[in-house]
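Spelled out, the chains give:
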Amino acid sequence: MRGQFTGWPEQAMDVLWQLQGEPTHATRERYRADRERLVRQPMIALLNEVADTDPRYEDFSVWHYRTDSWWWQHQSAVIRLGRKIEIGLRFSLDGLRIQGAWWYPDPGQVDMFRKAVASEGSGRELSAIVEDVRKKGYDISGDVMKRPPRGYPTDHSRTNLLRHRSLIAARSLGCEEWLHTLEAVDRVLSAAADLDALLMWLVRHVKRAA
């Protein structure tokens, strides 16, 4: 029977504190079991709760620690919504961070994105969605070309979006007491709702190339 999410225990922060900097192999091994129990397993439980609320979020992965110290200090997870389109979560001493992203595109996906951006209907829709997400406190970023892509007018009204080869909307959800309670599920679902229009636009328009 899977564990029920009740929040990250306060001791989770103590474990991450011990793993700051460049922890030795001995230090990592000393805290491996505690990190698994107090940091990683709550992330799994959280995403199970999220998936139970909305079946669209069932395809998720919660990363292990790897060799780089960063992965020990940050517990990352993704919810896959489409090809290279996902919600990312990260728990660390800074609290919980969420992002909606289309990145590391397959061949052909960038062309699909640009055509949809250039098209009057879908392009205006995305521009309005991005502006709305920005107003909600999300940073908009991605792999952005310095110049507009070839084949599109340099004075296109959506040239800033046309220069994107990936698109990411991210913000910190904070590091308050709710992290240690069931309220964290509601916080994640609320943020996922903020990102829904953007991610569903990408699912519709940036399909895997044939």
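Rules and cut-offs
- Residues numbered from 1 in each chain as written.
- Predicted model: local features only at pLDDT ≥ 70, side-chain atom pairs only at ≥ 80, totals over all residues.
- Heavy atoms only, no water.
- Helix = DSSP H or I, 4+ residues; strand = E, 2+ residues; numbered from the N terminus.
- Buried < 20%, exposed > 50% of the residue type's maximum accessible area, 1.4 Å probe, protein only.
- Contact = heavy atoms within 4.5 Å.
- Salt bridge = Lys/Arg side-chain N within 4 Å of Asp/Glu carboxyl O.
- 1 Å grid on protein atoms, 1.4 Å probe; cavity = no way out; pocket = protein on both sides within 12 Å on 5 of 7 lines; lining within 4 Å.
- Points joined across faces, edges and corners; volume = space filled by probe spheres on them.
- Polar contact = N/O pair within 3.5 Å; in protein donor to acceptor, adjacent residues only side chain to side chain.
- Pairing = 2+ DSSP bridges.
- Axes fitted to C-alpha atoms, helices over the stretch in contact; angles between N-to-C directions.
- Arc of directions from axis to C-beta.
- Patch = residues over 30% accessible without salt bridge, like charges linked within 9 Å, V, L, I, M, F, W, Y side chains within 5 Å.
- Areas by Shrake-Rupley, 256 points an atom, 1.4 Å probe, with all protein chains shown as cover.
- Lys, Arg positive; Asp, Glu negative; His and termini not counted.
- Charge placed at Lys NZ, Arg CZ, Asp CG, Glu CD.

Quick word on the overall build of the protein chain
If you tally the helices and strands in the protein chain, you get 7 helices and 6 strands. For the protein chain, the α and β elements follow one another from N to C terminus as α-α-β-α-β-β-β-α-α-β-α-β-α. Dimensions of the protein chain along its principal axes, counting C-alpha atoms only, are 60 × 35 × 35 Å. When each of the 210 residues of the protein chain is scored for burial, the buried share is 48%. Taking the intrachain contacts of the protein chain between residues at least 6 apart in sequence as the baseline, contacts between residues at least 24 apart amount to 66%.

A short note on the pattern of salt bridges
Throughout the structure, instances matching the rule amount to 17 salt bridges. Among the ionic pairs, E131 bridges to R134, the shortest N-O distance being 3.7 Å. With a gap of 3 residues between them, E131 and R134 both fall in helix 5 (residues 120-135), about one helical turn apart. Within the structure, one salt-bridge network assembled from shared partners comprises D132, K136, R171 and D194.

A short note on the layout of surface pockets
Empty space left among the atoms is revealed by rolling a probe the size of a water molecule over them. The computed volume of the largest pocket comes to approximately 290 Å³. Along the walls of the largest pocket sit 15 residues, with W63, S76, V78, E86 and W103 positioned nearest its centre. Of all the secondary-structure elements, those providing two or more residues to the lining of the largest pocket are helix 3 (69-73), strand 2 (75-82), strand 3 (85-92) and strand 4 (95-102). The calculated volume of the second largest pocket comes to roughly 230 Å³.

Quick notes on the side chain of D194
In this structure, D194 sits in helix 7 (residues 183-205). For D194, a relative accessible area of 16% corresponds to the buried category. Of the polar contacts made by the side chain of D194, one reaches the side chain of Y138; its length is 2.9 Å. In this view, D194 contacts V133, K136, Y138 and R171; residues no more than four positions away in its chain are not counted.

Section: the sheet that holds strand 4
Across the sheet, which stays open at both edges, the 6 strands sit in the order 1-2-3-4-6-5 with antiparallel pairing between neighbours. Looking at strand neighbours, the two that pair on one side only are strand 1 (60-62) and strand 5 (139-141), the edges of this open sheet. With strand direction ignored, the average angle separating the axes of adjacent strands in the sheet is 15°. Of the strand pairs in this sheet, strand 1 and strand 2 are connected by 3 bridges, and their pairing is antiparallel. Note that in strand 2 the partner of S61 across the bridge is V78.

Digging into helix 1 (residues 11-18)
For helix 1, the complete set of buried residues consists of A12, M13, V15 and L16. Each buried residue of helix 1 sits inside an arc of 155° when the element is viewed along its axis, so together they form one side. Buried residues belonging to helix 1 abut helix 2 (25-53), helix 3 and strand 3.

Some thoughts on a negative patch on the surface
Together, E10, D14, E176 and E177 make up a region of like negative charge exposed at the surface. Position of E177 relative to the elements: it lies in the loop between strand 6 (167-174) and helix 7.

Looking at the environment of L126
Mapped onto the fold, L126 is located in helix 5. With 76 residues separating them in the primary sequence, L126 and L202 have C-alpha atoms 8.9 Å apart.

Observations concerning the environment of W8
Following the sequence through the fold, W8 ends up in the segment before helix 1. Using a relative accessible area of 0% as the deciding quantity, one classes W8 as buried. A polar side-chain atom of W8 sits 2.9 Å from the main-chain carbonyl oxygen of V39.

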